[in-house]
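Spelled out from the first residue to the last, the chains are:
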Amino acid sequence: TNYGLEDLFYRHGVDIQFYGHKHLYERSYPLYNLKSSKRTDIYTNPKAPIHITTGVAGTTNRPNSDIEEILPDWVAFYSRDYGYTRMNVQNKTHLLFEQYSAENDKIVDQFVVTKDKQNFPRD
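Bear in mind that the values here come from a model prediction, so they are computed numbers and not experimental data.

Focus: the overall build of the chain
When helices and strands are tallied, the chain shows one helix and nine strands. Going from N to C terminus, the chain has its helices and strands arranged as α-β-β-β-β-β-β-β-β-β. Residues counted as buried form 38% of the 123 residues belonging to the chain. Across the chain, contacts joining residues at least 24 apart in sequence account for 58% of those joining residues at least 6 apart. In the structure as shown, the chain presents an accessible area of about 7,600 Å², 51% of it carried by carbon and sulfur atoms.

Shown next, in the form of structure tokens:
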């Protein structure tokens, strides 16, 4: 979470935040003030920003992927496979995200963010 800008992003309705250079892929549940929701429709008109860390290429100095990770409960999906993230703007209300693993030659994570109403300013 980017504490310095978190309130600004939240208040102004930012739905998706991208980060990189951590040599992993991680997708959060909508997250604000270290609190997240795990309801089934969390990516429909998200109530807080979704954090996506994508940067799993270009290094030979990756931590051992056999070590079990202890992840916060706001992490929805996590992978250390080399790969890349694709975002497809399907229409004016739907964004499709896919995390592709070059190691497995398949999509390892996929989700859709749907926004059919304005949700800012948030209270």
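Once the structure has been displayed, the description carries forward.
Some remarks on the sheet that holds strand 5 (residues 50–54)
Read from one edge to the other, the open sheet built from four strands follows the order 1-5-2-6, with strand pairing classed as mixed. Each edge of the sheet is formed by a strand with only one pairing partner; in this case those strands are strand 1 (16–19) and strand 6 (75–79). Direction aside, neighbouring strands of the sheet carry axes that sit 10 degrees apart on average.

Let's talk about the nonpolar core
Here is a general trend for soluble globular proteins: nonpolar side chains tend to be buried in one another's company. Grouped together as the largest cluster of nonpolar side chains are 16 residues, with contacts concentrated most on Y43, I52, F97, F111 and V113. Counting only elements with at least two residues in this core, the list comes to strand 5, strand 6 and strand 9 (106–114). Setting aside residues up to four positions removed in sequence, I52 forms contacts with I16, Q17, F18, Y19, Y25, E26, F97 and F111.

Things to note about the packing of aromatic side chains
How two aromatic rings sit relative to each other is set out by the distance from centre to centre and by the angle between their planes. In total, this model carries six aromatic pairs according to the counting rule given. Seen in terms of ring centroids, Y10 and Y32 are 3.8 Å apart; in terms of plane orientation they differ by 15 degrees. Their pairing is stacked. With a gap of 22 residues between them, Y10 in helix 1 (residues 3–11) and Y32 in strand 3 (residues 31–32) connect regions that are remote in the sequence. Between the aromatic rings of F18 and F97, the centroid separation amounts to 6.1 Å while the plane-to-plane angle is 40 degrees, which identifies the pairing as tilted. Here F18, found in strand 1, pairs with F97, found in strand 8 (residues 94–101); they are 79 residues apart in sequence, far enough to count as distant. Judged by its relative accessible area of 1%, F97 falls in the buried class. Sitting over the ring of F111, R27 keeps its end group 4.7 Å from the ring centre.

Looking at the pairing of strand 5
Across the five residues of strand 5, four count as buried, placing the element largely inside the fold. Examined bridge by bridge, strand 1 and strand 5 share four bridges and lie parallel to one another. What sits directly across from Q17, in strand 5, is H51. Relative to strand 5, strand 2 (residues 25–28) is paired through three bridges, and the arrangement is antiparallel. Bridging across to strand 5, R27 finds its partner in I52.

Some points on the sheet that holds strand 7 (residues 83–89)
If you walk across this open sheet you meet the three strands as 7-8-9, and the pairing is antiparallel. Single-partner strands in this sheet number two, and they are strand 7 and strand 9. On average, each strand axis in the sheet is tilted by 15 degrees relative to the strand beside it, whichever way the strands run. With seven bridges connecting them, strand 7 and strand 8 associate as antiparallel partners. Following the sheet pairing, N88 is matched in strand 8 by L96.

The rules behind the values
- Residues numbered from 1 in each chain as written.
- Predicted model: local features only at pLDDT ≥ 70, side-chain atom pairs only at ≥ 80, totals over all residues.
- Heavy atoms only, no water.
- Helix = DSSP H or I, 4+ residues; strand = E, 2+ residues; numbered from the N terminus.
- Buried < 20%, exposed > 50% of the residue type's maximum accessible area, 1.4 Å probe, protein only.
- Contact = heavy atoms within 4.5 Å.
- Areas by Shrake-Rupley, 256 points an atom, 1.4 Å probe, with all protein chains shown as cover.
- Pairing = 2+ DSSP bridges.
- Axes fitted to C-alpha atoms, helices over the stretch in contact; angles between N-to-C directions.
- Core = buried A, V, L, I, M, F, W, Y, C linked by side-chain atoms within 4.5 Å.
- Phe/Tyr/Trp six-rings, centres within 6.5 Å; stacked < 30°, edge-to-face > 60°.
- Lys NZ or Arg CZ within 6 Å of the ring centre and 35° of its normal.

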